[in-house]
Amino acid sequence: MAPAITLAAEAPKLSAANTGFMLICSALVMLMTPGLAFFYGGMVRVKSTLNMLMMSFISLGIVTVLWVLYGFSLAFGTDSGSLIGWNSDWVGLSDIGLTELWDGYTIPVFVFLVFQLMFAIITPALISGALADRVKFSAWALFITLWATVVYFPVAHWVWGAGGWAFELGVIDFAGGTAVHINAGAAALGVILVIGKRVGFKKDPMRPHSLPLVMLGAGLLWFGWFGFNAGSWLGNDDGVGALMFVNTQVATAAAMLAWLAYEKIRHGAFTTLGAASGAVAGLVAITPAGGAVTPLGAIAVGAIAGVLCAMAVGLKYRFGYDDSLDVVGVHLVGGIAGSLLIGLFASGKGQSTVEGLFYGGGLTQFWKQCAGVFAVLAYSLVVSAILAFVLDRTIGMRVPEDDEITGIDQAEHAETAYDFSGAGGGAAKTAVTAPVAAAASKKVDA
């Protein structure tokens, strides 16, 4: 009998299908940042609308340039001490072959890096909602630059980079519960504790000026989140990405319903803001968990997160921190819930064989999740507060009080979101001005 011939494992080859799929997912994730801008923009008062839009849009510019210069290398380069990466060949992205594959996958490095770039862009943009109405735009731009460098890039390496301590520990974070949502939510809390409350917090009405804009933003976020989540498996060969897609829809729906039920019981009404916020809470919670749980588990994750986040948004009034648009209540609390619930609901039939407590796996994975959650929370909270403190004591983080009262849009951008100067012409104008003119005439006659 001829000796058996052992063949080496065939190296992965570039897959046009996976490459195209990931480029589409990258575009979907990019759309989430403008969607976030609309979501936040509708939630603020009229006088802050443009500033809120710009605080998201500027991240598209700043983080993109940082990612090309050194961000990708820090996040995904060769590990150093399980804390940070580095690869000098990736500085400037000038020494990457067009068909060079991401290690172990069938997509080019360029596709992987642009997909991850979109995550890096939206994460600091998430923070901005907590700071509405009161932060200098120049200070915010500098904060993004520093925060992405010393917080986001290292944390992304911990969680997703080969050799990162959380990655090696076995912390499950499919698409960013720790690296994106807990990271942003903790940063938001750190900054608002430094810069303080808006003028009139808990005294003046600060209701959303455009709920249709909020709903539009929520819809764009929901749509883009399919790329955010399903794309994080970096391919579409084994069904895990499809499971994540389904679980994204299921958990979001469950969270929206749970939030609405809670606010009906608690406040007596089903609100559009509650529907939008509940949907986002579900998206946040399923982001780390969706590859590990079943669709029934996704319902549980979404429903639990919907109620917890709805309860959490009111804590700012009890404890006196001014989280303008509920970044802490939704992203921090939702990220924590989704990450920890993996330790309970992981089925062992999705992205890995890891089982949670309810599937016979004990609490081993739960404690791993705790390690990842609270390490990222503590690091981001402390470092973000330090960055805000330094900026506040040097260039100043807040606009003058008069500018905050009259409107940050005009003060920082010399524009307003809505121009009514040309409205009310013709018959409508006559109908409005005639009574005024008549009243003035009577005054003169008197």
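Residues numbered from 1 in each chain as written. Predicted model: local features only at pLDDT ≥ 70, side-chain atom pairs only at ≥ 80, totals over all residues. Heavy atoms only, no water.

Draft legend 1. Region of interest: the overall build of the protein chain. When you go through the protein chain residue by residue, the secondary structure sums to 16 helices and 2 strands. Whereas a compact globule of 446 residues would reach a radius of gyration of roughly 22 Å, the protein chain reaches 24 Å, a difference of no more than 12%. Across its three principal directions, the C-alpha atoms of the protein chain cover 120 × 50 × 45 Å. With 446 residues in all, the protein chain has 53% of them scored as buried. If you average the places of the 21 positive and of the 27 negative side-chain charges in the protein chain, the two averages end up 15 Å apart. (Helix = DSSP H or I, 4+ residues; strand = E, 2+ residues; numbered from the N terminus. Rg over C-alpha atoms; globule rule 2.2 N^0.38 Å. Buried < 20%, exposed > 50% of the residue type's maximum accessible area, 1.4 Å probe, protein only. Lys, Arg positive; Asp, Glu negative; His and termini not counted. Charge placed at Lys NZ, Arg CZ, Asp CG, Glu CD.)

Draft legend 2. Representation of a nonpolar patch on the surface. A surface patch of nonpolar side chains, about 510 Å² in accessible area, is lined by Leu357, Phe358, Tyr359, Leu363 and Trp367. In this fold, leucine 363 is placed in the loop between α12 (327–345) and α13 (364–394). The exposure class assigned to leucine 363 is partly exposed, which follows from its relative accessible area of 35%. (Patch = residues over 30% accessible without salt bridge, like charges linked within 9 Å, V, L, I, M, F, W, Y side chains within 5 Å. Areas by Shrake-Rupley, 256 points an atom, 1.4 Å probe, with all protein chains shown as cover. Salt bridge = Lys/Arg side-chain N within 4 Å of Asp/Glu carboxyl O.)

Draft legend 3. Representation of unusual backbone geometry. Unlike most non-glycine residues, aspartate 133 shows phi in positive territory, near 85 degrees. Structurally, aspartate 133 is set in the loop between α3 (109–127) and α4 (137–160).

Draft legend 4. Structural view of the nonpolar core. Of all hydrophobic cores here, the largest spans 127 residues; its most connected members are Phe72 and Leu131. Looking at this core, the element that brings in the most residues is α4, giving 15 residues. In this structure, phenylalanine 72 is in contact with Trp67, Gly77, Trp90, Leu93, Trp102, Val109, Phe112 and Leu113, ignoring residues within four places of it in sequence. (Core = buried A, V, L, I, M, F, W, Y, C linked by side-chain atoms within 4.5 Å. Contact = heavy atoms within 4.5 Å.)

Draft legend 5. The arrangement of the pattern of salt bridges in detail. Counted under the stated rule, the structure contains 6 salt bridges. Here aspartate 133 ties to arginine 45 by a salt bridge, and the two come within 3.2 Å at their closest N and O atoms. On the criterion of sequence distance, the pair formed by aspartate 133 in the loop between α3 and α4 and arginine 45 in the loop between α1 (16–43) and α2 (49–76) is long-range, its members being 88 residues apart. Each member of the pair, aspartate 133 as well as arginine 45, carries the same accessibility label: buried. A salt bridge links glutamate 404 to arginine 398; its shortest N-O distance comes to 2.8 Å. Take glutamate 404: its relative accessible area is 4%, and that puts it in the buried class. Of the residues examined, arginine 398 reaches a relative accessible area of 22% and is grouped as partly exposed. One network of salt bridges, with partners in common, ties together Arg45, Asp133, Arg134, Arg198 and Asp322.

Draft legend 6. Representation of the packing of aromatic side chains. Under the defined criterion, the tally for this structure stands at 26 aromatic pairs. Centroid distance phenylalanine 119 to tryptophan 160: 5.9 Å. Interplanar angle 90 degrees. Geometry classified as edge-to-face. Taken as a pair, phenylalanine 119 in helix α3 and tryptophan 160 in helix α4 lie far apart in primary sequence, 41 residues in all. Relative accessible area serves as the criterion here: at 1%, phenylalanine 119 is assigned to the buried category. An aromatic cluster of at least three residues, connected via ring pairs, comprises Trp67, Tyr70, Phe72, Phe76, Trp90, Trp102, Phe112, Tyr152 and Phe153. Directly above the aromatic system of phenylalanine 270 lies the positively charged group of lysine 264, at a separation of 5.3 Å from the ring centroid. (Phe/Tyr/Trp six-rings, centres within 6.5 Å; stacked < 30°, edge-to-face > 60°. Lys NZ or Arg CZ within 6 Å of the ring centre and 35° of its normal.)

Draft legend 7. How the structure looks around the packing of α3 against α4. Remark: α3 packs on α4, axes separated minimally by 10 Å, with the N-to-C direction vectors making an angle of 125 degrees. Taken together, the axes of α3 and α4 lie oblique to each other. The interaxial crossing formed by α3 with α4 has right-handed handedness. Of the residues in α4, those in contact with Gln116, Phe119, Ala120, Thr123, Pro124 and Ile127 of α3 are Trp140, Phe143, Ile144, Trp147, Tyr152 and Trp160. For the contact of α3 with α4, the per-class residue count stands at 10 nonpolar, 2 polar and no charged. (Axes fitted to C-alpha atoms, helices over the stretch in contact; angles between N-to-C directions. Parallel < 35°, antiparallel > 145°, perpendicular 65-115°, else oblique. Left-handed = near helix turned anticlockwise from the far one by under 90°. Nonpolar A, V, L, I, M, F, W, Y, C, P; charged D, E, K, R; others polar.)

Draft legend 8. Summary view of the confidence of the model for the protein chain. Counting all residues, the mean pLDDT for the protein chain is 92, and 92% of those residues have values of 70 or more. In the predicted structure, residues 1–8 sits below a pLDDT of 50 and forms 0 contacts with residues beyond four places in sequence or in another chain. For residues 425–446, every residue scores under 50 in pLDDT, and the model assigns this stretch 2 contacts once sequence neighbours within four places are set aside. (pLDDT = per-residue confidence, 0-100.)

Draft legend 9. Examining the packing of helix α6 (residues 177–195) against α12 more closely. Put simply, α6 and α12 touch, their axes get as near as 8 Å, and they point 145 degrees apart. In the crossing of α6 with α12, the sense of the turn from one axis to the other is left-handed. Contacts between α6 and α12 involve Gly177, Thr178, His181, Ile182, Ala184, Gly185, Ala186, Ala188, Leu189 and Ile192 on the former and, on the latter, Val327, Val328, His331, Leu332, Gly335, Ile336 and Ser339. Its residues assigned to classes, the contact of α6 with α12 comprises 10 nonpolar, 7 polar and no charged.

Draft legend 10. Structural context of α4. At alanine 148, α4 is deflected by roughly 45 degrees, the largest bend along its length. With 18 of 24 residues buried, α4 lies mostly within the body of the structure. (Bend = angle between axes of the 7 residues up to and from the residue.)

Draft legend 11. Spatial organisation of the environment of leucine 221. Counting through the fold element by element, leucine 221 comes out in helix α7 (residues 211–230). Residue leucine 221 is classed as buried on the basis of its relative accessible area, which comes to 3%. Excluding residues that lie within four positions of it along the chain, leucine 221 makes contacts with Met32, Gly35, Leu36, Phe39, Val280 and Leu283.

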